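Structural overview for review
Below are the chains, spelled out letter by letter.
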Amino acid sequence: MTMPSPNDNTKRLLFKKMLLIRHFEQKIAELYPEQEIRTPVHLCVGQEAVAAGVCAHLRPADLIFSTHRNHGHCLAKGMSVKKMLAEFYGKESGCCGGKGGSMHPCAPEHGILGTSAIVGGGIPMAVGAAWAEQMRNGDNIAVAFFGDGATEEGTFHESLNFAALKNIPVVFICENNLYATASPIRHRQPAAGSIAAKAKGYGLPGELINGNDVIEVYQRVGEAVERARRGQGPTLIEAETFRWFAHVGPVDDTETGHRSADELARWKNKCPIRRMRDHLTIENILKSEDEKNWSIEFDINFAGALTFAKESVPPTKELLTTHVFA
Amino acid sequence: MPWTTPSINISYASKNSKGIRELSYREAICEAQRQLMSTDSRIFLMGEGIDDAGGVFGTTLGLADEFGCERVVDTPIAENGMTGVAIGAAINGMRPVFIHMRPDFVIISLDQLLNHAAKWFYMSGGQVSVPLTIRCVIGRGWGSAAQHSQNIQGLLTHLPGIKVLMPATAQDAKGLLIAAARDPNPVVILEHRWLFDKTGHVPEELYETPVGRANICRYGSDVTIVATSIMVHEAMLAAEVLAADGYDPEIIDLRSIKPWDENCIAASVQKTGRLVVADTGHQYGGVAAEIAARITELCFSALKTPVRRITLPEAPVPAAASLENIYFPGQLEIIAAVKDVSGG
Ligand SMILES: Cc1ncc(C[n+]2csc(CCOP(=O)(O)OP(=O)(O)O)c2C)c(N)n1
Ligand SMILES: [Mg+2]
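Conventions and cut-offs
- Residues numbered from 1 in each chain as written.
- Chains lettered and ligands numbered in written order.
- Predicted model: local features only at pLDDT ≥ 70, side-chain atom pairs only at ≥ 80, totals over all residues.
- Heavy atoms only, no water.
- Core = buried A, V, L, I, M, F, W, Y, C linked by side-chain atoms within 4.5 Å.
- Buried < 20%, exposed > 50% of the residue type's maximum accessible area, 1.4 Å probe, protein only.
- Contact = heavy atoms within 4.5 Å.
- Helix = DSSP H or I, 4+ residues; strand = E, 2+ residues; numbered from the N terminus.
- Arc of directions from axis to C-beta.
- Buried area = accessible area lost by both parts, 1.4 Å probe.
- Salt bridge = Lys/Arg side-chain N within 4 Å of Asp/Glu carboxyl O.
- Nonpolar A, V, L, I, M, F, W, Y, C, P; charged D, E, K, R; others polar.

So, the nonpolar core
- Core analysis: the largest hydrophobic core is formed by 97 residues, its most contacted members being Leu-85 and Phe-172 of chain A.
- Leave out the neighbours within four places in its chain, and Phe-172 of chain A touches Ile-123, Val-127, Ala-144, Phe-146, Ser-159, Leu-160, Ala-163, Leu-204, Pro-234, Thr-235, Leu-236 and Ile-237 of chain A.
- Listed in part, the 55 residues of the second largest apolar core include Ala-227, Ile-230, Ile-334 and Val-341 of chain B.

Thoughts on the side chain of Asp-290 of chain A
- Position of Asp-290 of chain A relative to the elements: it lies in helix H12 (residues 290-311).
- Leave out the neighbours within four places in its chain, and Asp-290 of chain A touches Arg-12 and Ile-285 of chain A.

Re helix H10 (residues 261-269) of chain A
Residue and element names in this part refer to chain A.
- Looking only at H10, the buried set comprises Glu-263, Leu-264 and Trp-267. Summarising the axial view, the buried residues of H10 lie within an arc of 95 degrees, below the 170-degree limit, and thus occupy one face. Exposed residues lying more than 90 degrees from the buried face of H10 are Asp-262, Arg-266 and Asn-269.
- Those residues of H10 hidden inside the fold are in contact with strand E4 (179-180) and strand E7 (235-240).

Observations concerning the interface of chain A and chain B
- With 35 residues of chain A at the contact, the number on the chain B side is 32 residues.
- Summed over both partners, the interface of chain A with chain B buries about 2,600 Å², with 63% contributed by carbon and sulfur atoms.
- Contact with chain B buries surface across chain A, with Arg-38, Ile-118 and Leu-320 of chain A losing the most and accounting together for 25% of the total.
- Where chain A meets chain B, there are zero salt bridges.
- Looking at the side of chain A that touches chain B residue by residue, the class counts come to 13 nonpolar, 16 polar and six charged.

As structure tokens, this is what we get:
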């Protein structure tokens with residue numbers, strides 16, 4: 001069953017969500033040189049369509065399990081900019097009380113039960129969380145976000161097998177950005193292979209989609225989410241995309257590794273935001289002042305969050321050994 | 001010999017001696033690998049992104065160009081499986097050196113390391129040994145937090161069958177890596193990233209720092225400080241302050257965590273009657289616990305005060321700078337412990 005194209009309002013919301021993520025990441029990139037954000041940041045500029053398109057289908061009680069590159073997923077799932085920023089600034093008011101930093105956001109109220117920065121670490125946890133929903137006969141689902149690199153870990157394969165075996169309501173979203181740190185996928189996986197096709201052997205649907213086309217992401221993931229909710233089991237989706245910054249930090253890595261300036265330029269041409277803007281403009285869905293108004297809204301919201309983050313107090317000594325056990 | 005003379009920020013040999021240059025810890029590791037691969041065709045390097053521009057914090061720079069991608073192998077992100085692959089190659093005549101950028105990733109490979117490599121020789125009745133070297137860079141800071149800056153020497157040493165080394169100097173970074181690569185057993189080397197820029201006088205030749213031998217880096221009379229990795233440098237800094245206050249600590253760089261040089265430490269404690277152990281790891285069941293227990297068994301009557309341990313707090317690594325700054329002990333804790341065991 002193919003999901004119909006999103007209506008105009010949904011399209012606007014998808015676009016706005018992508019803009020929000022890009023705005024946030026660009027602000028982090030600008031602020032990072034101040035050296036007050038003392039935690040590694042893995043920026044997702046260029047990959048916004050996946051986070052926006054997937055999370056548009058999720059309810060607050062649906063669960064997501066992300067990775068080191070989690071900012072976009074968390075924002076799309078509704079996490080507060082304030083709490084994320086405060087966490088990046090190492091403050092007690094942050095989403096993990098300052099204990100997690102940028103790699104481990106947690107917001108149970110938004111369906112984020114913590115985040116692993118161990119590659120492949122979150123995938124089986126998504127399966128287990130969805131299994132719990134199944135055992136309780138609930139209709140919430142879980143989504144596992146992970147990169148192409150994570151599909152090389154055993155946890156990925158073990159998770160697919162078990163999810164298919166038990167018909168678990170989980171959607172596996174692989175953001176294939178063609179690199180893991182500086183290693184190109186061709187160094188790590190056979191050229192004749194395919195991530196999406198791995199699903200077949202485990203007996204679940206596997207689909208390759210354009211991760212830079214938010215409408216395609218929305219439609220194809222929507223079908224997978226509906227299948228999971230209806231009790232028809234898991235799906236693996238491989239969304240092809242590209243990150244614009246280096247693996248970690250707001251830097252350009254095209255002069256220093258396997259990624260060439262050409263390759264990056266080609267992908268910038270396929271910018272998911274520009275693509276959607278063009279579409280909305282042609283379809284006459286975007287009002288001329290929309291983008292400007294949203295940008296003002298984001299600026300105001302971010303500025304407030306930044307003040308909050310900077311002015312919050314850092315966790316004090318006594319907190320060092322709290323939370324080791326519940 | 002480089003391993004017999006105090007060598008922390010002090011030259012053990014005149015700079016004019018033949019073949020001894022000042023090299024950084026990072027360069028010493030790189031040189032060891034280059035020389036090992038040039039002289040032994042069985043040796044090869046493998047690991048995630050080891051041929052990247054960064055070259056594992058500079059320790060593999062140039063090696064992929066020199067030896068090709070068949071001997072400097074960028075691997076999939078699959079630590080446990082690839083460790084098994086390395087074991088397979090090792091038991092069939094090769095000498096792999098598997099490199100990890102963080103100890104936390106070694107934890108994923110513990111099944112192959114501990115259930116397989118550590119006991120293969122024993123289970124086979126001494127027929128098949130596993131000459132595998134694991135290099136692992138430990139680091140800390142900048143909010144790397146709970147999954148990117150753990151200390152795992154205590155974990156690795158608990159089960160029999162794995163050797164664990166922690167070089168604190170450039171000389172030993174080279175000498176211990178060479179010893180590990182020639183060892184017929186699985187050996188894990190934990191290299192501290194904060195030491196990578198420290199220089200020392202490193203012989204040009206291929207030499208081994210013997211596994212199981214500690215290094216006395218400061219002779220003293222009234223307290224023994226046994227330290228691992230970066231804590232050796234913290235202890236040397238502490239010694240300057242302590243000496244000014246009239247204390248005379250003897251400082252021992254453990255270097256080899258398992259097996260460890262209990263004779264050297266026992267002899268020192270027989271002389272000083274006091275022991276402070278400063279490890280980069282956790283306390284419970286850890287390296288400092290083992291040394292404290294064993295030295296108490298060996299030197300009970302010589303000890304004037306209970307052994308003191310300086311270790312990480314009983315908590316995972318926090319991200320916030322305010323907590324990270326107090327999480328890692330250093331010279332101040334060592335100074336306080338020495339004064340404490342010395343009764344003032
Ligand atoms: C188990 C494990 N091994 C290695 C690392 C170091 N590391 C962090 S991110 C990363 C690359 C991950 O690539 P991918 O899954 O494609 O995600 P991307 O960064 O491209 O979003 C690596 C190797 C890690 N965090 N965990
Ligand atoms: Mg990737």
